[in-house]
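# Chain and residue survey
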Amino acid sequence: MAPSIVAENSIVVSAGEQDQSLTDRNTFATRVAGKGADPEKKALLSAVTKRIDYSPKIGTELHGIQLSQLTEDQAEELAALIAERGVVFFRDQDDLDNSEQVKLGKRWGPLHIHPLVPHNQDNPEVIVLDSRLSPPTRFNTNDSWHSDVSFEPAPASFSILKFEEIPESGGDTIWSDARTLYDELSPAVQAFLEGLTATHSSDIFKVLTQSTGRKTFGKLNDSVHPVVRTNPVTGHKSIYTNPVFTREINGVTASESKWILDYLNNLVVQKLQYQVRFRWEKNSVAIWDNRSTYHTGIPDFSPFLRRGVRVTVSGEKPYFDKENSTTQAQGWEVKAKAIIAKQEAAGAAKEA
Ligand SMILES: [Fe+2]
C-alpha cells in the first residue's frame, strides 16, 4: 500500500491506495430535501429563540437550535429555510462533531467526497480547511467567488461548514445571491441566457496537483450545466456560472464566452446588495444552498490560523424548467406586501 502522508491532526494530506477506491464520490440525490416541508416551518421556528435576517433576501441567523439534535421535521424545514434564505448561520454548535456533521448532511442527500481538498482520516466526507495546509491564496478558491464543486455531474446542494479554530480577527465569508443576479437582468438578457449551457471544470485542481504533486481522490471531473438553473425546493431561477469553475459558455465564440462570463462575474463581485457577510466565532456553523448562491472567503487573517470542517451534500443534476420556475423577486413581493399589511393592521388596531 502506498503510504499516506498523515499530518499531526489526523488529516490525510495525500491519498493512499485505499483512497483510490473512492469511485462513488459523487452521487445524485434521489429526493429533494426540504421540498414538501411545512411552509410555516412550525417545528423548527417554534424552537428558535431569536432570528436575525441579515438582509431582506439572503442570510438568516438562528439562535436556540442545536444542529446535533434536530428532529426529522426540523431537519426538513431547515433544508427548506436554507433554500429560501440562501444561507443560514448558527452559533455555539459545540456538540456538532465530525460524525454529527456527517449525520446531518446525510439527512439531506448523499455526501460528496472531494477529489483533492484534504479530508478527515476517519470520515472521507469531511474536508478540512486548515490554513496550515492550504495558506489562503486566490488559487485555493478562498478569495474567489464560487459555488461548491460545480464541476461535478451532481454538484453540491447544501454545504455545512463549521470553524473549530478562528483567527484573532478576519477570515469572514461573504455570500452573494445568484437569484437576485438573475432577477435584475433585463428580460431580453434573461431569455438569452436561459438558452445557454456552460462547461464547469476542475482545472484549478489539475493545476494544483501538478504544482504540489498531491494525488487526487478519484477523477477530476468537467461537467456541462445550464446557465440559468431552477432551485428544486423554491422553484426560483438563478444564474449558475461562477468565476472559479466555469470554463466557458458553450455554442458561442471564445471572446463572446469571456464577455458573458466577465459580465456576470463582475456583478457577483460588485453588487453589494446581493451580498451578506458573516463573522465567524469558534463553533459557528453556516449552511448554504450552492444552487442559488456564491461565496468567497476573505484571506486577510495571516499570520493567524484557522481550521474549519465542511460536509458537502450532493444535489440533483442541475436543470432549468422554463414552464415551472418562478423568481425570488416575485416571491419576495408577495411576502413583503403581506408583512406591510400586517404592520398596517397592527398600527390601525393600536390607534383604535
Ligand atoms: Fe466553497
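Residues numbered from 1 in each chain as written. Predicted model: local features only at pLDDT ≥ 70, side-chain atom pairs only at ≥ 80, totals over all residues.

The next subject is the overall build of the protein. In terms of helices and strands, the protein carries eight helices and 17 strands. Against the globule reference of 20 Å for 352 residues, the protein gives a C-alpha radius of gyration of 20 Å, in line with a compact fold. For the protein, the spread of C-alpha atoms along the three principal axes comes to 80 × 50 × 40 Å. Relative to its 352 residues, the protein shows a buried fraction of 43%. (Helix = DSSP H or I, 4+ residues; strand = E, 2+ residues; numbered from the N terminus. Rg over C-alpha atoms; globule rule 2.2 N^0.38 Å. Buried ≥ 20, exposed ≤ 12 C-beta atoms within 10 Å, placed from the backbone.)

This part covers helix α3 (residues 98-106). Those residues of α3 that fall on the buried side of the exposure criterion are Gln101, Leu104 and Gly105. What you see down the axis of α3 is that its buried residues fit within an arc of 100 degrees, all on one side. Buried residues in α3 make contact with β6 (126-130), β7 (156-165) and β17 (307-314). (Arc of directions from axis to C-beta. Contact = placed C-beta atoms within 7 Å.)

This paragraph deals with the nonpolar core. In this structure, Ala79, Ile82, Val87, Phe158, Ile239, Val285 and Ile287 are the most contacted members of the largest nonpolar core, which totals 63 residues. The biggest single contributor to this core is helix α2 (residues 72-85), with six residues. Beyond its immediate chain neighbours, meaning those up to four positions away, valine 87 contacts Ile58, Gly59, Trp175, Val276, Ala286, Trp288 and Thr293. (Core = buried A, V, L, I, M, F, W, Y, C linked by C-beta atoms within 7 Å.)

Below, the discussion takes up the sheet that holds strand β13 (residues 246-249). Sheet architecture is open: three strands sit in the order β10-β9-β13, paired in antiparallel fashion. Bordering the open sheet on either side are β10 (223-226) and β13, each of which pairs with just one other strand. When the angles between neighbouring strand axes are averaged without regard to direction, this sheet yields 30 degrees. Two elements, strand β9 (residues 197-200) and β10, share four bridges in a ladder whose sense is antiparallel. Its bridge partner lying in β10, histidine 200 is registered against serine 223. (Pairing = 2+ DSSP bridges. Axes fitted to C-alpha atoms, helices over the stretch in contact; angles between N-to-C directions.)

For the rest of this paragraph, the subject is the sheet that holds strand β14 (residues 275-278). With antiparallel pairing, the three strands of this open sheet are ordered in space as β14-β8-β16. What marks the edges here is a single partner per strand, and that holds for β14 and β16 (293-297). Between one strand and the next, the sheet's axes are offset by a mean angle of 20 degrees, whatever the strand orientation. Sheet analysis places strand β8 (residues 173-177) next to β14, joined by four bridges and oriented antiparallel. If you follow tryptophan 175 over to β14, its bridge partner there is valine 276.

Attention now goes to the pairing of β16. In terms of residue burial, β16 counts as a mostly covered element, since five of its five residues are buried. Both faces of β16 are covered, namely the face carrying Thr293, His295 and Gly297 and the face carrying Tyr294 and Thr296. In this sheet, β16 lies alongside β8 in antiparallel orientation, the contact comprising five bridges. Pairing of isoleucine 174 across the sheet is with threonine 296, part of β16.

Looking now at the pairing of strand β4 (residues 87-90). Moving residue by residue along a regular strand, the side chains alternate between the two faces of the sheet. Residues of β4 alternate between two faces, with Val87 and Phe89 on one and Val88 and Phe90 on the opposite face, all of them buried. Crossover handedness for the path strand β3 (residues 60-63) to α2 to β4: right-handed. The pairing of β4 with strand β15 (residues 285-289) spans four bridges and is classified as antiparallel. Note on β15: the bridge partner recorded for phenylalanine 89 is alanine 286. (Right-handed = clockwise from strand over helix to strand, strands pointing away.)

A separate point is the environment of glycine 235. With respect to the helices and strands, glycine 235 occurs in the loop between β11 (228-230) and β12 (237-239). When residues no more than four places from it in sequence are discounted, the contact partners of glycine 235 are Thr230, Asn324, Ser325 and Thr326.

This paragraph deals with unusual backbone geometry. Residue serine 302 is joined to proline 303 through a cis peptide bond whose omega torsion reads 10 degrees. Unlike most non-glycine residues, lysine 41 shows phi in positive territory, near 55 degrees. Following the sequence through the fold, lysine 41 ends up in the loop between β1 (11-12) and α1 (42-45). Positive phi values are uncommon outside glycine, yet asparagine 283 reaches one of about 70 degrees. Mapped onto the secondary structure, asparagine 283 falls in the loop between β14 and β15. For asparagine 283, a count of 17 C-beta atoms within 10 Å puts it in the partly exposed group.

In short, geometric facts, not functional conclusions.
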